[in-house]
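Chain residues, written in single-letter form:
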Amino acid sequence: MTTPTEAEAWVDAYKNAWISNDADAIAALFTEDAVYELRPSDPEPWRGRDAIVAGWLDELDSPDSWKLDFEIEAVLGETAVVRAVTEYLDDRPTFDNLWFVTLEGGRASHFTEWYLARETSGEAS
Amino acid sequence: MTTPDEVTRWVDAYQKAWTSNDPDDIRALFTLDAVYNGRPDDPEAWRGADGIVAGWLDHRDEPGDWTFEWNLLGIAGDVAYVQNLTTYVEGPDYDNLWVIAFDPDGRARAFTEWAMSRD
């Protein structure tokens, strides 16, 4: 059973890796054979720790371009449900995020993200 | 504690209401003061059974417009996490995540959909 405390420690480490973009810090988040889905039912998930590090560094954000607030909304067995809001300081919209993170010994073996951009006021929908 | 069987009954009843668009079928899914969020923290959430029925009928799909398959990701207390794939005959497919908070009678008191288009 994953605990909320373990989940919180993992998301804190994720945030630190997002800031540092350090390959070792990213690698430390995931198990050797982890699967990282950038969206639900991702047809091309990143498979394996090396692929995750490569994918991450390929699409990296600069550390001062975003702000992430999160809470552990629930724990479903080994899987933490993380509710987050990501604000970007450039012209990107704010995103609501929901992560499903399956932890094994403190590392993620599976990560799936749902994300939805908030509509800015006045924007046609 | 919500059980997997209760979630299955509710999702089956949701599909029945989705097909019939019968106000009684829709109303039976929700508590009187339920909130239906079409997206997380929806600024235009449908509130109350009457509001939900009105919103639902305003955005109704017709039977045959869609197909639906789902699986239960898990339950935390009285909140169920349901993943589903909705395909429309016309229009994109959606990977949806439903967060459903139940009352003790098996009705939803809060419903939130995260709908990600495959486009």
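Above this text you will find the structure in question.
Residues numbered from 1 in each chain as written. Chains lettered and ligands numbered in written order. Predicted model: local features only at pLDDT ≥ 70, side-chain atom pairs only at ≥ 80, totals over all residues.

Draft legend 1. Main features of unusual backbone geometry. Of note in the backbone geometry, A:S41 takes a positive phi value of approximately 55° without being a glycine. When you line up the elements, A:S41 lands in the loop between β1 (30-37) and β2 (46-47). In this model, B:D41 sits at a positive phi of 50°, which is unusual for a non-glycine residue. A tally of 11 C-beta atoms within 10 Å means that B:D41 is categorised as exposed. (Helix = DSSP H or I, 4+ residues; strand = E, 2+ residues; numbered from the N terminus. Buried ≥ 20, exposed ≤ 12 C-beta atoms within 10 Å, placed from the backbone.)

Draft legend 2. Structural detail: the interface of chain A and chain B. In this assembly, 14 residues from chain A lie in contact with 13 residues from chain B. Secondary structure elements with two or more residues in the side of chain A that touches chain B: β3 (66-76), β4 (79-88), β5 (95-104) and β6 (107-117) of chain A. (Contact = placed C-beta atoms within 7 Å.)

Draft legend 3. Up close: the nonpolar core. With 53 residues, the main nonpolar core has A:V101, B:I52 and B:I100 as its most contacted residues. Beyond its immediate chain neighbours, meaning those up to four positions away, B:I52 contacts B:I26, B:F30, B:A34, B:Y36 and B:W46. (Core = buried A, V, L, I, M, F, W, Y, C linked by C-beta atoms within 7 Å.)

Draft legend 4. Seen up close, the sheet that holds strand β4 (residues 79-88) of chain B. All names here are of chain B. Within the open sheet, the six strands sit side by side as β2-β1-β6-β5-β4-β3. Their pairing is mixed. Each of the sheet's edge strands pairs with one partner strand only, and the pair in question is β2 (46-47) and β3 (66-76). The pairing of strand β1 (residues 30-37) with strand β6 (residues 108-117) spans four bridges and is parallel. Bridging from a neighbouring strand, V35 pairs with A110 of β6. Contacting β3, β4, β5 (94-102) and β6, helix α1 (residues 4-20) crosses the sheet at an angle of about 155° to β3. The strands touched by helix α3 (residues 48-58) are β1 and β2; relative to β1, the strand with the most contacts, the crossing angle is about 50°. (Pairing = 2+ DSSP bridges. Axes fitted to C-alpha atoms, helices over the stretch in contact; angles between N-to-C directions.)

Draft legend 5. The arrangement of the sheet that holds β4(A) in detail. Residues and elements named next belong to chain A. In space, the six strands of this open sheet follow the order β2-β1-β6-β5-β4-β3, with mixed pairing throughout. In this open sheet, the two edge strands, each paired with only one partner strand, are β2 and β3. Sheet topology places β4 next to β5; eight bridges connect them, and they run antiparallel. Bridged to R83 within β5 is L98. Running over the sheet, helix α1 (residues 4-20) touches β3, β4, β5 and β6 and is turned about 155° from β3.

Draft legend 6. Spotlight on α1(A). Residues and elements named next belong to chain A. An ideal rise of 1.5 Å per residue puts 24 Å on 17 residues; α1 measures up with 24 Å between its terminal C-alpha atoms. Here α1 has its buried residues at A7, W10, V11 and Y14. Buried positions in α1, seen along its axis, are confined to an arc of 95° and lie on one side of it. Turned more than 90 degrees away from the buried face of α1, the exposed residues are T5, D12 and S20. The elements touched by buried residues of α1 are β3, β4, β5 and β6. Immediately downstream of α1, the backbone of N21 shows phi near 50°, a positive value. (Expected span 1.5 Å × (residues − 1). Arc of directions from axis to C-beta.)

Draft legend 7. Spatial organisation of the pairing of β1(B). As paired strands, β1(B) and β2(B) are joined by two bridges and run antiparallel to one another. Note on β2(B): the bridge partner recorded for B:Y36 is B:W46.

Draft legend 8. Spotlight on the pairing of β5(B). Residue and element names in this part refer to chain B. In the sheet, β4 pairs with β5 via eight bridges, with the strands oriented antiparallel. Note that in β5 the partner of A80 across the bridge is I100. The antiparallel pairing of β4 with β5 creates a hairpin that spans five residues between the two strands, and G91 there sits at a positive phi of about 110°. Here β5 runs beside β6; their pairing, made up of nine bridges, is antiparallel. Directly across from L97, in β6, lies its bridge partner W114.

Draft legend 9. Seen up close, the environment of B:G55. Residue and element names in this part refer to chain B. On the secondary structure map, G55 appears in helix α3. C-alpha separation for the pair G55 and Y36, spaced 19 residues apart in sequence, amounts to 9.3 Å. Residues contacting G55, with those up to four places away along its chain left out, are Y36 and W46.

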